[in-house]
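Structural features, examined
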Amino acid sequence: MTVAEELPAVSDHAADAADPETAEQEPIKERKNGLYPGVSDELAENMKSGWADTELRDLEPIAQAAETAARRAALSARFPGERLVIPAGNLKTRSNDTEYAFRASVEYAYLTGNQTEDGVLVLEPRGEGHLATIYLLPRSDRENGEFWLSGQGELWVGRRHSLTEAEKLYGIPAADVRELAGRLREATGPMRVVRGYDAGIEAALTDKVTAERDEELRVFLSEARLVKDEFEIGELQKAVDSTVRGFEDVVKVLDRAEATSERYIEGTFFLRARVEGNDIGYGTIAAAGPHACTLHWVRNDGPVRSGDLLLLDAGVETHTYYTADVTRTLPVNGRFSEIQRKIYDAVYDAQEAGIEAVRPGGKYRDFHDAAQRVLAERLVEWGLVEGPVERVLELGLQRRWTLHGTGHMLGMDVHDCAAARVESYVDGTLEPGMVLTVEPGLYFQADDLTVPQEYRGIGVRIEDDILVTRDGNRNLSDGLPRRSAEVEAWMASLKG
């Protein structure tokens, strides 16, 4: 038997990674059609030695360490005497032996700042509070060959932090996650887990938790993000600033997009997102011509033609997972036609009314109602729907062309705080520190026979990221022009 066949596994699956007993039963997996049949004893021994000490000893805490500690303290106060388990999640297979890029669960990243797969934060009740421990995979083992033989070993996918390094970075005691499942199986007392991220951890808790209690934990962590702290606001501004530069990049290459397709636009923006941030915050919508009437057009495989409009809805995600969400509708040739300007200006006026309604103490719904009223008024004025406006709004008749809500909370998820209670979110009251989008739109489908031919195939949306302040609001994305004439001047300056 070769040495490789005797080596313990480092599984890609959560259940195995969290349970060393399982890991010891299987060899490290090799590709069926790999070119090497095994590992000789001599090579295995050779690979164990001759490596420099690479432990990082001068690490400073991550920038948001004070904020994540405060968030854990608030969580502890909400659930006294209960063990709380918040997993990061596991790698997901894309195809065969390739995985999707990993993104830790928002709940885990929000409370720790850590972003590595298989991590789990556990708050164990201690006295009047909790003891937090972050469970992680340690550096890949050199003694058993994991670091070079496993598909997730250090020489294949890069170095992990040691547990000692993790403690310094995140300000939380760190332990080996492979020991956690066994500990949880033996644990007693009330427990809660954030579900949907780590099947192995959930299996260890299967008879100790209930869906109702776990949902209360998820809802609390969602509502905790409704009001952003100063670190979060800074990250959102950083995301928006990079997004502004991404939009400028696109305008500069619209001629190349005309020669190719919407994918040139998508790729151009993606370059900015990857250079300045972690990724895009969501699938870029680069919708030219009639595609702008498809709300989530992410195929981005259509033509870009002079005389059409381009609806670009895109956002850069920072390295700490905070995303911008900005939309501009741009004339591909730099000038709006008469009908395009008419529709664009109506959406602009609706957005102005919506932004004006964003203020502390106001109802969350106010900005939506204000924007929808303006759009309904224009639709009645243009003779596309029969008034009066109050009747249109009461029956929702404007929705044939406005389609969606006028905005949403923004943060680590593009549609942030989605698990919050309705009374805390949609039926709630705006507070300083909340960040939301205001994004009205008008969409006249190419096959809509209820409107004149000149309207058909035109879609317009304008979206900005708005911070609620103590005395009103601040438009985080005001680095991009919104008025039709200003958009034309801006595009001309970039192309010139």
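Scroll up to find the structure.
Before going into details, it helps to say that this report is about the structure given with it. (Residues numbered from 1 in each chain as written. Predicted model: local features only at pLDDT ≥ 70, side-chain atom pairs only at ≥ 80, totals over all residues. Heavy atoms only, no water.)

1. Some remarks on the side chain of N90
Applicable threshold: Strands here are runs of E lasting at least two residues and helices are runs of H or I lasting at least four, both read from the DSSP assignment and numbered beginning at the N terminus. Each residue is assigned to one of three classes by its accessible area relative to the maximum for its type, calculated with a 1.4 Å probe on protein chains only: buried under 20%, partly exposed between the two thresholds, exposed over 50%. Polar contacts, as counted here, are pairs of nitrogen or oxygen atoms within 3.5 Å of one another; within protein the pair requires one atom able to donate a hydrogen and one able to accept it, and residues that are adjacent in sequence qualify only if both atoms are side-chain atoms.
You can see N90 is positioned in the loop between strand 1 (83-87) and strand 2 (93-95). The class of N90 is buried, set by a relative accessible area of 11%. Of note is the side chain of N90, whose polar atom sits 2.7 Å from the side chain of D118. Among the polar contacts listed, one links the side chain of N90 to the side chain of D198, at a separation of 3.2 Å.

2. Quick word on the sheet that holds strand 17 (residues 472-475)
The line we're drawing: For two strands to pair, DSSP has to find at least two bridges joining them. Orientation is described by lines fitted to C-alpha atoms, with helices fitted over the stretch in contact, and by angles between N-to-C directions that extend from 0 to 180 degrees. For this analysis, residues touch if any pair of their heavy atoms sits within 4.5 Å.
If you trace the 3 strands from one edge of the open sheet to the other, you get 13-16-17, paired in antiparallel fashion. The sheet is open, and its two edges are formed by strand 13 (435-438) and strand 17, each paired on a single side. Neighbouring strand axes in the sheet, compared pairwise and without regard to direction, differ in orientation by 40 degrees on average. Across 4 bridges, the pairing between strand 13 and strand 16 (residues 464-469) is antiparallel. Opposite L436, over in strand 16, you have I466 as the bridge partner. Strands strand 13, strand 16 and strand 17 of the sheet are contacted by helix 16 (residues 338-356), whose axis makes an angle of about 155 degrees with strand 13.

3. Things to note about the pairing of strand 14 (residues 441-444)
Covered by surrounding structure in strand 14 are G441 and Y443 together with L442 and F444, the residues of both alternating faces. Sheet topology places strand 14 next to strand 15 (residues 458-461); 4 bridges connect them, and they run antiparallel. From the neighbouring strand, G441 faces strand 15, where its bridge partner is R461.

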